[in-house]
Amino acid sequence: RMARLATIKTLAGFDFSFQPSLDRDRIFTLAQLGFVERHEAAHFLGPPGTGKSHLAIALGVEAVKAGKSVYFCTLADLIAALSRAEREGRLQERIRFFCRPSLLIVDEIGYLPVIAGGGNLFFQLVNARYEKGAMILTSNRGFAEWGDVFGDAVVATALLDRLLHHAVVVQIEGSSYRLRQHAELMPEH
Ligand code: ADP
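Just so it is clear, the structure is predicted and the values come from calculations on it, not from any experiment.

Engineer: Please give an account of the site of the ligand that cites residues and values.
Structural biologist: Around the ligand there are 15 residues in total, and D15, G49, K52, S53 and H54 lie nearest to it. Within the side chain of K52, one N or O atom sits 2.7 Å away from an oxygen atom of the ligand. Relative to its unbound accessible surface of 560 Å², the ligand loses 87% to contact with the protein. Residue classes in the shell around the ligand are distributed as five nonpolar, six polar and four charged.

Engineer: Give me helix α8 (residues 153-163): which residues, what numbers.
Structural biologist: When α8 is considered as a whole, its buried residues turn out to be V155, A156, L159, L160 and L163. What you see down the axis of α8 is that its buried residues fit within an arc of 130°, all on one side. Relative to its buried face, α8 has exposed residues pointing more than 90 degrees away, namely A153, V154, T157 and D161. For α8, the secondary structure elements touched by its buried residues are β1 (41-45), α6 (118-129), β4 (134-139), α7 (146-150) and β5 (167-171). Two or three places before V154, at the opening of α8, D152 has a side-chain oxygen 3.0 Å from that residue's backbone nitrogen.

Engineer: Give me the packing of α6 against α8: which residues, what numbers.
Structural biologist: Packed helix pairs are specified by the crossing angle of their axes together with the interaxial distance, meaning the distance between the axes. Interaxial distance between α6 and α8 falls to 10 Å at its minimum, and their mutual angle equals 20°. Between α6 and α8, the crossing angle belongs to the class labelled roughly parallel. In the crossing of α6 with α8, the sense of the turn from one axis to the other is left-handed. Counting all contacts with α6, which are made through G119, N120, F122, F123, V126 and N127, the residues of α8 involved are V155, A158, L159, R162 and L163. In terms of residue class, the contact of α6 with α8 is built from seven nonpolar, three polar and one charged.

Engineer: So what's going on with the pairing of strand β3 (residues 103-109)? Which residues, and what values?
Structural biologist: Most of β3 is tucked away: six of the seven residues are buried. For strand β2 (residues 70-74) and β3, the ladder comprises five bridges, and the chain directions are parallel. Bridging across to β3, Y71 finds its partner in L104. Of the pairings in the sheet, the one linking β3 to β4 comprises five bridges and is parallel in character. Note that in β4 the partner of V106 across the bridge is L137. Since β3 and β4 lie parallel, the crossover through α6 that links them has a hand, and here it is right-handed.

About the cut-offs
- Residues numbered from 1 in each chain as written.
- Predicted model: local features only at pLDDT ≥ 70, side-chain atom pairs only at ≥ 80, totals over all residues.
- Heavy atoms only, no water.
- Near = heavy atom within 4 Å.
- Polar contact = N/O pair within 3.5 Å; in protein donor to acceptor, adjacent residues only side chain to side chain.
- Areas by Shrake-Rupley, 256 points an atom, 1.4 Å probe, with all protein chains shown as cover.
- Nonpolar A, V, L, I, M, F, W, Y, C, P; charged D, E, K, R; others polar.
- Buried < 20%, exposed > 50% of the residue type's maximum accessible area, 1.4 Å probe, protein only.
- Helix = DSSP H or I, 4+ residues; strand = E, 2+ residues; numbered from the N terminus.
- Arc of directions from axis to C-beta.
- Contact = heavy atoms within 4.5 Å.
- Axes fitted to C-alpha atoms, helices over the stretch in contact; angles between N-to-C directions.
- Parallel < 35°, antiparallel > 145°, perpendicular 65-115°, else oblique.
- Left-handed = near helix turned anticlockwise from the far one by under 90°.
- Pairing = 2+ DSSP bridges.
- Right-handed = clockwise from strand over helix to strand, strands pointing away.

And the structure:
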């Protein structure tokens, strides 16, 4: 499924010198894929343009190279698929589908408002994968804001309970790579 990605990103293509707050060794440890074997979650948190999706995809590419099945989607796409399946009476089937890949990458948590009931659907999937398969999640919002992101504080707490139990959290503090030419917008550069 990684092949459907419009742009393939690699670790070799990531400029670590642009993100000095990022611990290169931690990323290369993740690339050894122990977290996939152990069915853990890896979180990339930080502002837009700091390379969260790039790193998530690059780790997905490493997993594919190692023969693992990987599925990449945005949170909005994932919830839309689960919601459609629920309307069609095939939710459990769809959840089983999303449980199949060894690594599920869920990108862009926090950008778009989650539709009503969406947090609950995502929780059902996360719960089904819990301790059975690895996930990578990217978000521009801190965990304390997940109640707002999912429009439901109870669901957010239950999600985080699963997603932080066996987890690696990589916080990126830097500035946007997309805006790197606009030095005047970036006090650090
Ligand atoms: P985020 O997911 O944090 O919003 P992206 O990973 O989508 O950011 O990065 C935005 C764009 O900038 C992408 O094209 C990505 O490949 C590129 N990019 C971001 N950080 C780096 C970096 N340190 N080195 C090389 N390219 C980068």
